[in-house]
Amino acid sequence: MYKLPLGLSVRVSKPLGFYNDKYNYQLNPDLKTKINRMEELGFDSIDIDFDAVYVPSDLYLFSDGLDYIKESKLKFNCAHMPINFPWCDLASPYETDRLGICDMFIKFIKYLERYGCRAVVFHPGGLTLGTNSVNESNLNEYLKYLEDSLNYISNNVNLCVCIENMSSQYFLSTSEQMVELLKNCPKVYTCVDVNHYYHEKAWDAIPKFKDRIGEVHISDYDFVKERHMLPKEGLNDWNKIIEALKNANFKYSFNYELSSVYNYSLESIKKNYDELFDEYNNKKY
């Protein structure tokens with residue numbers, strides 16, 4: 001019987017918009033209620049997304065939400081770091097900026113450690129010069145920037161540092177690129193997002209990472225565009241994905257990362273999780 005712990009990614013903040021000369025947020029008003037219901041349904045862990053944070057100092061605005069997790073029975077599995085801003089770009093070509101960004105993240109990660117966080121996930125970055133910064137001609141250059149940043153961060157924190165595979169055309173969009181990065185970053189792990197594979201299938205990529213998978217993002221899609229739908233609503237082969245994770249000795253949370261567009265209930269997620277592992281453990285082939 002193979003059944004991973006059940007987890008879910010949740011946003012800690014609710015953006016309110018720009019006014020009074022700053023970007024404003026509030027703590028996600030549903031967070032405490034959601035944590036309580038997750039406990040009742042038998043969820044094991046929670047991931048917190050900090051992606052909707054617009055300036056570095058705002059990362060520290062949500063201690064009440066982290067306190068809710070610490071006081072609950074849920075494990076704080078992972079924190080997803082901010083993305084898509086120059087101030088969080090680990091592949092920035094500007095060395096002084098990049099070192100400052102790394103130091104900023106090291107400080108924040110040590111803050112998260114106090115709340116029992118197990119791991120953090122980064123996106124590759126490479127957006128400092130615009131969305132088309134990374135291309136075939138400069139890919140290796142940007143990968144070196146990213147590797148330097150990941151090595152610096154992972155050497156200065158205690159928790160698991162993960163880098164996520166991307167669905168973009170060039171940057172960490174293939175398992176071969178990820179395997180090479182992991183070879184050059186011995187303390188870093190990959191976050192396998194099974195919704196991000198366009199050049200191969202997730203179940204073919206996972207075995208290549210062996211024991212270097214530190215986090216998974218679980219959702220489904222149509223192999224055309226990332227959708228973050230509930231598993232079995234798209235085309236992923238879930239028996240093959242679970243088998244690949246088992247063979248890789250993956251032991252952390254089976255963490256659902258779903259789009260808010262679909263408004264899935266916690267009950268439907270728990271039911272889906274039970275069905276996936278029941279079908280896997282009772283498969284006939």
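Before reading further, recall that the structure is shown in the block above.
Fair warning: this is a prediction, and the values are worked out from it, not measured in the lab.

Definitions and cut-offs
- Residues numbered from 1 in each chain as written.
- Predicted model: local features only at pLDDT ≥ 70, side-chain atom pairs only at ≥ 80, totals over all residues.
- Heavy atoms only, no water.
- Helix = DSSP H or I, 4+ residues; strand = E, 2+ residues; numbered from the N terminus.
- Buried < 20%, exposed > 50% of the residue type's maximum accessible area, 1.4 Å probe, protein only.
- Contact = heavy atoms within 4.5 Å.
- Salt bridge = Lys/Arg side-chain N within 4 Å of Asp/Glu carboxyl O.
- Pairing = 2+ DSSP bridges.
- Right-handed = clockwise from strand over helix to strand, strands pointing away.
- Polar contact = N/O pair within 3.5 Å; in protein donor to acceptor, adjacent residues only side chain to side chain.
- Axes fitted to C-alpha atoms, helices over the stretch in contact; angles between N-to-C directions.

### Thoughts on the overall build of the chain
1) Next: When its secondary structure is counted, the chain shows eight helices and 10 strands.
2) Next: Taken along the three principal axes of its C-alpha coordinates, the chain extends 55 × 45 × 35 Å.
3) Next: Burial status across the chain gives 54% buried among its 285 residues.
4) Next: Counted over contacts in the chain with a minimum sequence separation of 6, partners at least 24 positions apart contribute 76%.

### With respect to the pattern of salt bridges
1) Next: Under the defined criterion, the tally for this structure stands at 14 salt bridges.
2) Next: The partner of Arg-37 in a salt bridge is Glu-40, with the nearest N and O atoms 2.9 Å apart. Placement of both Arg-37 and Glu-40 in helix H1 (residues 31-41) is noted, with a separation of three residues, approximately one turn of the helix.
3) Next: For Arg-37, a relative accessible area of 31% puts it in the partly exposed group.
4) Next: Residue class for Glu-40 comes out exposed when judged on its relative accessible area of 58%.
5) Next: Salt-bridge contacts for Arg-227 lead to Asp-222; the nearest nitrogen and oxygen are separated by 2.9 Å.
6) Next: Through salt bridges that share partners, Lys-3, Lys-270 and Asp-274 make up one connected network.

### A word on the pairing of strand E4 (residues 45-49)
Two faces, one strand: in a regular strand the side chains alternate between the faces of the sheet.
1) Next: Judged by how many residues are buried, E4 sits mostly within the fold: five of five residues are covered.
2) Next: The alternating pattern of E4 places Ser-45, Asp-47 and Asp-49 and Ile-46 and Ile-48 on opposite faces, both of which are buried.
3) Next: Where strand E1 (residues 6-11) lies against E4, five bridges are found, and the strand directions are parallel. Residue Leu-8 lies in a different strand from E4, and its bridge partner there is Ile-46.
4) Next: As judged from the five bridges shared by E4 and strand E5 (residues 75-80), these two strands associate in the parallel manner. Of the residues in E5, the one forming a bridge with Asp-47 is Cys-78.
5) Next: Each parallel crossover has a hand, and for E4 linked through helix H2 (residues 63-71) to E5 it is right-handed.

### Description of the side chain of Asn-28
1) Next: Looking at where Asn-28 falls in the secondary structure, it is placed in the loop between strand E3 (22-27) and H1.
2) Next: The exposure class assigned to Asn-28 is buried, which follows from its relative accessible area of 16%.
3) Next: A distance of 2.9 Å separates a polar side-chain atom of Asn-28 from the backbone oxygen of Arg-11.
4) Next: In this view, Asn-28 contacts Val-10, Arg-11, Val-12, Ser-13 and Lys-14; residues no more than four positions away in its chain are not counted.

### Details of the sheet that holds E4
1) Next: With parallel pairing, the eight strands of this closed barrel are ordered in space as E1-E4-E5-E6-E7-E8-E9-E10. Across this sheet, the average inter-strand angle for adjacent strands is 30°, counted without regard to direction.
2) Next: The pairing of E1 with strand E10 (residues 254-256) spans three bridges and is parallel. Across the sheet, the residue bridging to Leu-8 is Tyr-256, located in E10.
3) Next: Each of E1 and E4 touches H1; the most contacted strand, E1, lies at about 175° to it.
4) Next: In the packing of helix H8 (residues 266-281) onto the sheet, the strands contacted are E1 and E10, and the crossing angle to E10 comes to about 145°.

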